[in-house]
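Fold and geometry: a report
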Amino acid sequence: QGANVTTAFEVERISAEAGGWFVSGSGGHKFYDRLVLTMPVREALRRMDNIPQGVMAAAEALRYNSLRVILIGVGNSSLMDKSAVYIPDPGVTPHRICFMGFFSEDNVPPGKSSLIAEVTVPPGHELEKISDASLTEMVVDDLHRVGIIDRRDVVETEVTNITYGYVIHDLAHKRNTAIIKDYFASLGIHLHGRFAEFEYINMDEVIKRSMTLAAKLNDQEA
Ligand SMILES: Cc1cc2nc3c(=O)[nH]c(=O)nc-3n(C[C@H](O)[C@H](O)[C@H](O)COP(=O)(O)OP(=O)(O)OC[C@H]3O[C@@H](n4cnc5c(N)ncnc54)[C@H](O)[C@@H]3O)c2cc1C
């Protein structure tokens, strides 16, 4: 109760000042005495000054996969009966499709239905460069071919490109994240969440860790 929440503020700079932190960006300048950082840690470091070279190198060495998510709406109710389907077939572009209307009828207009097709894209892969329109065409063709949709039913498409999709736990992951976590701990900034902590955690774990961190911070305040 009484919390002051700012939204739609793209952080462009984070700088230490007067025993606290100045955060500036699309929403102006704000001063905080404590920071919990939930944005991707590498992007945060790129927005901070005087980062030790070893810390920056560790952050730049972190590996991840990006995602391109293609929403496909059809003019009938054929996509309501499943939650998600994994497609372990290199000949089909998306690795997973999720059916939005299955989770709630309110997610789709009456008489229509939709799916989102998730395409994993390693940075530098050729799928990163093709246009949203070409990718959509490719995915619609694939899903038509394997019998999930009929391309003649498609009434709506939209592409969302997500740079940080999946954390890759490569052999250097533990060493690199330890360097970064130690550095942020030395600054007194809490790293929190999937791409801030750079761990392959899902929503349940992020929520659990959020409750634990909130309790800890509230205890310190009390
Ligand atoms: C396509 C897809 C499907 C998924 N499916 C599932 C699933 O089925 N089940 C499941 O449990 N999990 C799923 N996940 C994972 C789940 O979304 C994450 O685990 C969860 O969202 C992580 O929460 P978070 O708060 O750490 O990060 P996020 O929810 O990513 O929050 C980070 C926030 O930082 C903001 N941000 C980034 N840069 C800046 C900046 N410069 N300034 C200000 N804000 C910034 C972003 O806008 C974002 O709101 C899925 C993820 C994706 C991408």
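Above: the structure in question.
Since we're looking at a predicted model, the values are computed, not measured. (Residues numbered from 1 in each chain as written. Predicted model: local features only at pLDDT ≥ 70, side-chain atom pairs only at ≥ 80, totals over all residues. Heavy atoms only, no water.)

Turning our eyes to something else, we now look at the packing of aromatic side chains. With the rule as written, the count across this model stands at seven aromatic pairs. With a centroid separation of 4.7 Å and 45° between ring planes, the pair formed by Y64 and Y164 is classed as tilted. Here Y164 lies in strand β9 (residues 154–168) and Y64 lies in strand β5 (residues 63–74), a separation of 100 residues in the sequence. On the accessibility criterion, Y64 (14% relative accessible area) is buried. With a centroid separation of 5.9 Å and 90° between ring planes, the pair formed by F102 and F103 is classed as edge-to-face. Owing to a relative accessible area of 42%, F102 belongs among the partly exposed residues under this scheme. The exposed category is assigned to F103, whose relative accessible area is 52%. (Phe/Tyr/Trp six-rings, centres within 6.5 Å; stacked < 30°, edge-to-face > 60°. Helix = DSSP H or I, 4+ residues; strand = E, 2+ residues; numbered from the N terminus. Buried < 20%, exposed > 50% of the residue type's maximum accessible area, 1.4 Å probe, protein only.)

Okay, the site of the ligand next. Neighbouring the ligand are 17 residues; V11, G193, R194, I201 and M203 lie closest to it. I201 has a polar backbone atom sitting 3.1 Å from an oxygen atom of the ligand. Interatomic distance of 3.3 Å between a side-chain N/O atom of N202 and a nitrogen atom of the ligand. Starting from 990 Å² of accessible surface for the ligand in isolation, the protein chains cover 58%. Counted by class, the shell around the ligand contains nine nonpolar, three polar and five charged residues. (Near = heavy atom within 4 Å. Polar contact = N/O pair within 3.5 Å; in protein donor to acceptor, adjacent residues only side chain to side chain. Areas by Shrake-Rupley, 256 points an atom, 1.4 Å probe, with all protein chains shown as cover. Nonpolar A, V, L, I, M, F, W, Y, C, P; charged D, E, K, R; others polar.)

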